[in-house]
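Summary of the model geometry
Residues per chain are reported as follows:
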Amino acid sequence: MKKLIICAICVICGLTSASAQKFALVDMEYILKNIPAYERANEQLNQVSKKWQAEVDALTTEAQTLYKNYQNEVVFLSQEQKKAKQDAIVAKEKEAADLKKKYFGPDGELFKKRTALMTPIQDEIYNAVKDIADLRGYQLILDRASDTGIIFGSPKIDISSEVLRKLGYSN
């Protein structure tokens, strides 16, 4: 019985403190689409990514060509020549894999470039959202564009346009 009373008190306290909190929503997709610097950074990343992918593809094609040539010539080659050709193929494949990792790996050049281009924009948005939250007394601001399971959010609590105005972009 004592546990039941303690649980009931905890629930009542939780409900009263939860009702006093203020919430708001933002739509990060909407905000980012309306920031030209984000679009430019995204385009720059796409161009660099395509260029680097072309380099990786060229090395992969070279390795495939070496392998096809090896298959065509294998019956005419000595053991030493076979070994040399196999080593060349493996080296070219490793070179392609290393280049791919260098550009597209978890700590690759694309990640570093994305971080360098996007972090200032994200920080600017975060600071604007934080300023609005402090000004209006919001304890929690959720991103409606993310997969957080928001089924419905009233447009009355969506502050996306206000964030854009704070950043200097009118919608």
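In this report, we go over the structure that sits alongside the text. Not measured: the values here are computed from a predicted model.

Focus: the overall build of the protein
Across its full length, the protein holds 6 helices and 2 strands. Shown N-terminal to C-terminal, the secondary structure of the protein runs as helices and strands in the order α-β-α-α-α-α-β-α. Across the 171 residues in the protein, those meeting the buried criterion constitute 23%. Restricting to contacts in the protein with at least 6 residues of sequence separation, those with at least 24 account for 76%. Counting only carbon and sulfur atoms, one obtains 58% of the accessible surface of the protein, whose full area is about 12100 Å².

Some thoughts on the packing of helix α3 (residues 36-73) against helix α4 (residues 79-104)
Interhelical geometry of α3 versus α4 gives an angle of 165° and a closest axis separation of 9 Å. The pairing of α3 with α4 is recorded here as roughly antiparallel in orientation. In this structure, α3 crosses over α4, and the sense of that crossing is left-handed. For the contact of α3 with α4, the per-class residue count stands at 13 nonpolar, 4 polar and 9 charged.

Some thoughts on the nonpolar core
The biggest cluster of nonpolar side chains holds 28 residues, and the ones touching the most others in it are Ile 31, Ile 35, Ile 125, Ile 159, Val 163 and Leu 167. No other element matches helix α5 (residues 109-136), which puts 8 residues into this core. Non-local contacts of Leu 167, meaning those with residues more than four positions away in its chain, are made with Ile 31, Ile 35, Glu 124, Ile 125 and Ala 128.

Here's the deal with the pattern of salt bridges
Under the definition given, this model contains 8 salt bridges. Where Asp 98 meets Lys 94, a salt bridge forms, and the shortest distance between an N and an O atom there is 2.8 Å. In this pair, Asp 98 and Lys 94 both sit in helix α4, 4 residues apart, roughly one turn of the helix. Since its relative accessible area comes to 40%, Asp 98 is described here as partly exposed. Residues Glu 162 and Arg 136 are paired through a salt bridge, measuring 2.7 Å at the closest nitrogen-oxygen approach. Of this pair, Glu 162 sits in helix α6 (residues 160-167) while Arg 136 sits in helix α5, and the two are 26 residues apart along the sequence. Taking relative accessible area as the criterion, Glu 162 reaches 16% and is therefore assigned buried.

With respect to the side chain of Lys 92
The residue Lys 92 is located in helix α4 in this model. A polar side-chain atom of Lys 92 sits 2.9 Å from a polar atom in the side chain of Glu 62. Excluding its chain neighbours within four sequence positions, the residues that come into contact with Lys 92 are Leu 59, Glu 62, Ala 63 and Leu 66.

Cut-offs and rules
- The residue numbers shown here count from 1 along each chain, following its written sequence.
- Whole-chain, interface and lining totals are the exception, using all residues; otherwise, since this is a predicted model, local features are given only for residues with pLDDT of at least 70 and side-chain atom pairs are given and counted only at 80 or more.
- Side-chain metrics in this entry use all non-hydrogen atoms of the structure; hydrogen atoms and water are not considered.
- The numbering of helices and of strands both runs from the N terminus, where a helix is a DSSP run of H or I of at least 4 residues and a strand a run of E of at least 2.
- Only protein chains enter the accessibility calculation, which uses a 1.4 Å probe; a residue whose area is less than 20% of its type maximum is buried, one above 50% is exposed, and one in between is partly exposed.
- Should any heavy atoms of two residues lie within 4.5 Å, those residues are considered in contact.
- Residue burial considers only the protein chains on display, and all accessible areas are found by Shrake-Rupley using a 1.4 Å probe.
- Between N-to-C directions, angles span 0 to 180 degrees; the directions come from axes that are lines fitted to C-alpha atoms, helices contributing only their stretch in contact.
- Reported orientations rely on four angle classes, namely roughly parallel under 35 degrees, roughly antiparallel over 145, roughly perpendicular from 65 to 115, and oblique for the rest.
- Crossing handedness is defined as follows: a turn of the near helix away from the far one that is anticlockwise and smaller than a right angle gives a left-handed crossing, while the clockwise case is right-handed.
- Ten residues, namely Ala, Val, Leu, Ile, Met, Phe, Trp, Tyr, Cys and Pro, are considered nonpolar, four, namely Asp, Glu, Lys and Arg, are considered charged, and the remaining ones, Gly among them, are considered polar.
- Buried Ala, Val, Leu, Ile, Met, Phe, Trp, Tyr and Cys residues form a nonpolar core when they are joined through side-chain atoms within 4.5 Å.
- Throughout this description, the term salt bridge denotes a Lys or Arg side-chain nitrogen within 4 Å of a carboxyl oxygen of Asp or Glu.
- Pairs of N or O atoms are called polar contacts if they sit within 3.5 Å, as long as, within protein, a hydrogen donor faces a hydrogen acceptor (for residues adjacent in sequence, only side-chain-to-side-chain pairs).

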